[in-house]
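If you want the building blocks of each chain, they are given just below.
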Amino acid sequence: TGLPVSYITGHKEFYGYDFFVNPSVLIPKPDTEILVERAVELVIEKMDARPNQLLTVCDMCTGSGCIALAVYKTLKEVYKIADGSMPKFTLVDISSDALEVAKQNAKNLDCDVRFARSNLFDVVPGSFDLILTNPPYIPATLVDELLQDGRNEPRLALDGDVDEYGTHTKTNDGLDLIRRLIPQMKQHLAPMGTILMETGEYNAKAAASIAENYGFKTEILKDLEGLIL
């Protein structure tokens, strides 16, 4: 029927960890592991620079929670960070079904994190030293094509051409949600904070330009195939 194997088995390996998945969330992709790797490096750098300060990390549009939870587990298992020194993680998604998946993964992986159901930062207080996000960024017409192959992944997690009410826009560049997200991230970013955001190879430069218009210094990383991330 075209249903992805990961949805049939309920499991997907990501960054060396086993994640529970179902059709409420995207199936974690290997390219996103680059974001996790860089996030871990940044957390360690920030902890070394401010050893007496607990860091705060937000994973916006968390889905299965794979990004934040992989970072958390790596800090605990590879870097042996003690409980009292661990950054405080907040995992956010607009989908209550997705958050249930993320909560199950946090339980399975023994991760002490908090959750918030919110339309981007609408009900998320405070500031964060590191904001991680793999938001919906695919143009609407391309989402139509992708979903024709039977992947059965949630359109909510793919389509970036939606307004704050979830209504489709006509821009068809996949960046409408990101246009709303970037200024909100700026408001919730702590001094000397960093944002890591995944986009598509077709709109990464445009996303960087949006960020630069809000005063951010940007860098575009490459994915496993050498495309921009």
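Quick summary incoming for the structure in this document. (Residues numbered from 1 in each chain as written. Predicted model: local features only at pLDDT ≥ 70, side-chain atom pairs only at ≥ 80, totals over all residues. Heavy atoms only, no water.)

### Notes on the packing of aromatic side chains
Each aromatic ring pair is specified by the distance between its two centres and by the angle formed by the two planes.
Working step 1: Enumeration over the complete set of coordinates arrives at three aromatic pairs.
Working step 2: Ring geometry for Phe14 versus Phe19: centroids 6.0 Å apart, planes at 70°, classification edge-to-face.
Working step 3: Taking 5.5 Å as the distance between ring centres and 65° as the angle between the ring planes, the aromatic pair formed by Tyr72 and Phe89 counts as edge-to-face. Of this pair, Tyr72 sits in helix H3 (residues 66–77) while Phe89 sits in strand E4 (residues 88–93), and the two are 17 residues apart along the sequence. Considered together, Tyr72 and Phe89 belong to a single accessibility category, that of buried residues. (Phe/Tyr/Trp six-rings, centres within 6.5 Å; stacked < 30°, edge-to-face > 60°. Helix = DSSP H or I, 4+ residues; strand = E, 2+ residues; numbered from the N terminus. Buried < 20%, exposed > 50% of the residue type's maximum accessible area, 1.4 Å probe, protein only.)

### Topic: the nonpolar core
Nonpolar side chains in soluble globular proteins tend to be buried together.
Working step 1: Judged by nonpolar contacts, the single largest core of 32 residues is most densely connected at Leu69, Val71, Leu75, Phe89, Val113 and Leu132.
Working step 2: Those elements giving two or more residues to this core turn out to be strand E2 (17–20), helix H2 (33–49), H3, E4 and strand E6 (128–133).
Working step 3: In contact with Leu69, not counting residues within four places along its chain, are Phe19, Ser64, Leu91, Ala102, Asn105, Ala106, Leu109, Cys111 and Val113.
Working step 4: Within the second largest apolar cluster, 25 residues are counted, among which are Met60, Val124, Ile182 and Ala211. (Core = buried A, V, L, I, M, F, W, Y, C linked by side-chain atoms within 4.5 Å. Contact = heavy atoms within 4.5 Å.)

### Considerations on the pattern of salt bridges
Working step 1: With the rule as written, the count across this model stands at 11 salt bridges.
Working step 2: Across the pair Lys76 and Asp83 runs a salt bridge, and its minimum N-O distance is 2.2 Å.
Working step 3: Take Asp83: its relative accessible area is 57%, and that puts it in the exposed class.
Working step 4: Within the structure, one salt-bridge network assembled from shared partners comprises Arg38, Glu41 and Glu45. (Salt bridge = Lys/Arg side-chain N within 4 Å of Asp/Glu carboxyl O.)

### Details of unusual backbone geometry
Working step 1: Even without a glycine there, the phi angle at Cys61 is positive, about 60°.
Working step 2: Within the secondary structure, Cys61 sits in the loop between strand E3 (56–60) and H3.
Working step 3: The class for Cys61 is buried, based on a relative accessible area of 18%.
Working step 4: Of note in this structure, Leu120 is not a glycine but carries a positive phi near 55°.
Working step 5: With respect to the helices and strands, the residue Leu120 is situated in the loop between strand E5 (114–117) and E6.
Working step 6: Residue Leu120 is classed as buried on the basis of its relative accessible area, which comes to 5%.

### Structural notes on the pairing of E3
Working step 1: Burial of E3 is extensive: four of the five residues sit out of reach of the surface.
Working step 2: As defined by bridge partners, E3 adjoins E4 across five bridges and the pair is classed as parallel. Bridged to Thr56 within E4 is Lys88.
Working step 3: Where the polypeptide runs from E3 across H3 and back to E4, its parallel neighbour, the crossover connection is right-handed.
Working step 4: Direction of pairing for E3 relative to E6: parallel, over a ladder of four bridges. (Pairing = 2+ DSSP bridges. Right-handed = clockwise from strand over helix to strand, strands pointing away.)

### As for helix H6 (residues 176–187)
One turn of the α-helix equals 3.6 residues, which is why residues spaced by three or four share an orientation.
Working step 1: Among the 12 residues of H6, nine are classified as buried, and the element is accordingly described as predominantly covered.
Working step 2: All of the buried residues along H6 are Asp176, Leu177, Ile178, Arg180, Leu181, Ile182, Pro183, Gln184 and Met185.
Working step 3: In the core, the buried residues of H6 are packed alongside E3, E6, strand E7 (189–197) and helix H7 (204–213).

### Remarks on the side chain of Asn105
Working step 1: Mapped onto the secondary structure, Asn105 falls in helix H4 (residues 96–108).
Working step 2: Polar contacts involving the side chain of Asn105 include one to the main-chain amide nitrogen of Phe20, which spans 2.6 Å.
Working step 3: Once residues within four sequence positions are removed from consideration, Asn105 is found in contact with Phe19, Phe20, Ser64 and Leu69. (Polar contact = N/O pair within 3.5 Å; in protein donor to acceptor, adjacent residues only side chain to side chain.)

### A word on the packing of H2 against H3
Working step 1: Here H2 crosses H3 at 50°, and the two axes come no closer than 9 Å. Judged by the inter-axis angle, H2 sits oblique to H3. Seen from above, H2 lies across H3 with right-handed handedness. Residue-level contacts link Leu35, Val36, Ala39, Val40, Val43 and Ile44 of H2 to Ile67, Ala70, Val71, Thr74 and Leu75 of H3.
Working step 2: A breakdown of the residues in the contact of H2 with H3 according to their chemical character gives 10 nonpolar, one polar and no charged. (Axes fitted to C-alpha atoms, helices over the stretch in contact; angles between N-to-C directions. Parallel < 35°, antiparallel > 145°, perpendicular 65-115°, else oblique. Left-handed = near helix turned anticlockwise from the far one by under 90°. Nonpolar A, V, L, I, M, F, W, Y, C, P; charged D, E, K, R; others polar.)

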